[in-house]
Amino acid sequence: MSERAVSEVVSYVLVFALVVSAVGIVSVSGLSTLQETRNDEQMANAQKAFSVLSDNVADVHRRDAPSRATEISLGQARLATGSNVTMRVSVRNSTDTVLDRSWKIRPLVYTGDEGRNLVYEAGAVFRTSNGGGLRISDPPFVVTEDRVLISVVGLNRPDRQVYSGSTVLIRTKKEDTSVAYDGTAEDVTVELQNTAQPGLWRDYFESVGFDCQASGVECTVPDSGNIDQTYVVYHDIEVDIES
């Protein structure tokens with residue numbers, strides 16, 4: 001009788017341990033899946049917010065809106081103003097270089113989980129990760145056979161800062177727009193220095209007809225005869241971030 005009782009107790013303990021183990025495995029895997037789903041959803045929402053940010057900045061420099069505000073939810077992520085990127089634009093005619101100007105541009109960088117980032121830089125939006133990246137929206141350039149428009153969108157902030165918390169509000173305000181060049185040209189070269197995504201920039205320039213150097217970002221509209229209209233415009237955009 002005692003052996004049967006012991007057997008029943010042992011069976012009960014084994015069944016109970018099995019149930020507890022199964023619950024633990026399901027809970028851990030379920031929580032991990034839930035966390036991954038939440039992170040993916042947060043990244044998708046941040047990407048939509050950066051697309052809205054790009055449109056809002058375009059309203060300021062392209063449609064003369066006095067200012068725009070964009071709200072971005074951070075959660076466990078962070079938003080930072082990155083190191084300045086230098087954009088240099090050179091314009092050459094048949095006899096001389098008629099423009100050679102450089103501007104400092106402050107990128108905005110959203111850093112999520114697992115090395116996934118969103119970057120707003122010079123009017124373009126990129127999504128990057130440890131395995132590469134892709135372009136979400138193009139910079140405001142126009143390149144055709146006889147017309148080139150280079151709009152340099154310079155977000156302006158005097159220093160680097162990092163923001164975290166539930167949400168941030170990004171306010172952009174137009175400070176000034178200046179025409180650096182308006183005339184004919186034989187070739188136009190755009191160079192970006194210190195950008196963290198040179199390959200993505202080269203991909204963009206080559207997709208619209210530029211010839212690019214093998215390394216870095218130095219791309220030229222090839223000489224196919226005189227370009228009838230060439231415009232280089234700099235937009236000075238003040239950015240203020242509230243957390």
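Structure report, in brief.

What the protein chain contains, in helices and strands, is two helices and 16 strands. Put simply, the protein chain has 243 residues, and 39% of those count as buried. Here the contacts in the protein chain between residues at least 6 apart in sequence split such that 71% fall between residues at least 24 apart. Carbon and sulfur atoms make up 49% of the accessible area of the protein chain, which totals about 13000 Å².

The next subject is the sheet that holds strand E1 (residues 67–73). An order of E1-E12-E16-E10-E9 is seen for the five strands of this open sheet, with the pairing classed as mixed. Edge positions in the sheet fall to E1 and strand E9 (141–143), since each has one partner strand and no second. This sheet shows a mean twist of 25 degrees between the axes of neighbouring strands, independent of strand direction. The sheet contact formed by E1 and strand E12 (residues 167–185) spans seven bridges and is antiparallel. Opposite Ala-69, over in E12, you have Arg-171 as the bridge partner.

Bringing unusual backbone geometry into the picture now. Despite not being glycine, Glu-114 has its phi angle at roughly 55 degrees, a positive value. Among the residues examined, Glu-114 registers a relative accessible area of 60% and is labelled exposed. If you check the backbone angles, Asn-194 has positive phi at about 70 degrees while not being a glycine. In this structure, Asn-194 sits in the loop between strand E13 (187–193) and helix H2 (198–207). Look at Asn-194 and you get exposed, because its relative accessible area is 62%.

Attention now goes to the layout of surface pockets. Here the largest pocket is characterised by a volume of approximately 290 Å³. Around the largest pocket sit 20 residues that line it, and Gly-82, Pro-107, Val-109, Val-119 and Ala-196 are the ones nearest its centre. Mapped by element, the contributors of at least two residues to the lining of the largest pocket are strand E2 (78–81), strand E5 (108–111) and strand E6 (117–121). Considered class by class, the residues forming the lining of the largest pocket number eight nonpolar, nine polar and three charged. Residue lining of the second largest pocket: 14 residues in total, with Ser-54, Asp-55, Ala-58, Arg-62 and Asp-138 positioned closest to the centre. Per-element accounting of the lining of the second largest pocket gives the leading share, seven residues, to helix H1 (residues 2–62). For the lining of the second largest pocket, a count of residues per class yields five nonpolar, five polar and four charged.

Enumeration according to the criterion identifies 10 salt bridges in this entry. As a salt-bridge pair, Asp-59 and Arg-63 come within 2.6 Å of each other at their nearest N and O atoms. The salt bridge partner of Glu-191 is Arg-88, with a shortest N-O separation of 3.7 Å. Of the two residues, Glu-191 sits in strand E13 while Arg-88 sits in strand E3 (residues 85–92), which places them 103 residues apart along the sequence. In the salt-bridge network here, residues are joined through shared partners; they are Asp-40, Asp-113 and Arg-116.

In space, the five strands of this open sheet follow the order E4-E3-E13-E15-E14, with antiparallel pairing throughout. Where the open sheet ends on each side, the last strands, each with one partner, are strand E4 (97–105) and strand E14 (211–212). With eight bridges connecting them, E3 and E4 associate as antiparallel partners. Looking across to E4, one finds that Thr-86 is bridged to Lys-104. Its contacts with the sheet place H2 against E13, E14 and strand E15 (217–220), and it is angled at close to 5 degrees to E15.

Rules used in this analysis
Residues numbered from 1 in each chain as written. Predicted model: local features only at pLDDT ≥ 70, side-chain atom pairs only at ≥ 80, totals over all residues. Heavy atoms only, no water. Helix = DSSP H or I, 4+ residues; strand = E, 2+ residues; numbered from the N terminus. Buried < 20%, exposed > 50% of the residue type's maximum accessible area, 1.4 Å probe, protein only. Contact = heavy atoms within 4.5 Å. Areas by Shrake-Rupley, 256 points an atom, 1.4 Å probe, with all protein chains shown as cover. Pairing = 2+ DSSP bridges. Axes fitted to C-alpha atoms, helices over the stretch in contact; angles between N-to-C directions. 1 Å grid on protein atoms, 1.4 Å probe; cavity = no way out; pocket = protein on both sides within 12 Å on 5 of 7 lines; lining within 4 Å. Points joined across faces, edges and corners; volume = space filled by probe spheres on them. Nonpolar A, V, L, I, M, F, W, Y, C, P; charged D, E, K, R; others polar. Salt bridge = Lys/Arg side-chain N within 4 Å of Asp/Glu carboxyl O.

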